[in-house]
Amino acid sequence: LDGELQIVSRPKDTMNGIYSFATTYTATFQSYSLTLIKTEIGTCLTDISNTTYRLNIKGSLHKNYFKSPDFPNGANYQDFTYDFIEVEINNLINKLCLDSSLCKIQNIEFGLNIPMDQSVMPFLESNLLLYKSKLFEKWLSKKSKSIGYQCDFSQYTVKIYDKSLQYDLEYPSM
């Protein structure tokens, strides 16, 4: 684990003189961001009656599985099978010493890698219209280069983009 940081919250009066104290620790593991929240409940700092811990792991199973010297942050243009998902989840459980019976996945993103027989961006520009009556907006890569389109909603985002532009692939793929 790298880069630990501690943030202690102010005591919060929950009810009838009972206070909760939260301490947050952040770190990185492989390509994941970790946040550990320790919550203590008691009548004062010296009378703690209950302590709970919650670990949030943020990152891409797919990208972490395919980390390489060419892609130190991982890549997601390759097929990611169920077997690979199991391997990556077991990586987290075993290396972080987690009890899998206490773990749950709160958010999951899935995508399709579609090989194309033509350039992706011109195809999208001439064929992409709407999703649920909403226009797509240009989507920029981390290098501020337009590589596709996205449509944002309150609970999710639909993205359609050129994987070959994102990863400098020699073949068209979206």
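Since we're looking at a predicted model, the values are computed, not measured. (Residues numbered from 1 in each chain as written. Predicted model: local features only at pLDDT ≥ 70, side-chain atom pairs only at ≥ 80, totals over all residues. Heavy atoms only, no water.)

Caption draft 1: Spotlight on helix α3 (residues 120–127). Taken together, the buried positions of α3 are V120, M121 and L124. Looking down the long axis of α3, one finds its buried residues gathered within 95° of arc, a one-sided arrangement. (Buried < 20%, exposed > 50% of the residue type's maximum accessible area, 1.4 Å probe, protein only. Helix = DSSP H or I, 4+ residues; strand = E, 2+ residues; numbered from the N terminus. Arc of directions from axis to C-beta.)

Caption draft 2: Geometry of the nonpolar core. M116, V120, M121, L124, F136, Y149, C151, V158 and M174 form the largest nonpolar core, which has 9 residues in total. The set of elements that each furnish at least two residues to this core consists of α3 and β9 (146–152). When residues in this core are grouped by element, the largest group, 3 residues, is from α3. (Core = buried A, V, L, I, M, F, W, Y, C linked by side-chain atoms within 4.5 Å.)

Caption draft 3: Just the sheet that holds β9, in detail. One open sheet holds the 3 strands; their spatial order is β8-β9-β10, and the pairing between them is antiparallel. The two strands at the open ends of the sheet, each matched to only one other strand, are β8 (137–140) and β10 (157–161). Averaged over all pairs of adjacent strands, the angle between strand axes in this sheet comes to 40°, irrespective of strand direction. Across 4 bridges, the pairing between β8 and β9 is antiparallel. Within β9, the residue paired with L140 across the bridge is S146. Relative to the sheet, α3 contacts β9 and β10, its axis offset from that of β9 by approximately 40°. (Pairing = 2+ DSSP bridges. Axes fitted to C-alpha atoms, helices over the stretch in contact; angles between N-to-C directions. Contact = heavy atoms within 4.5 Å.)

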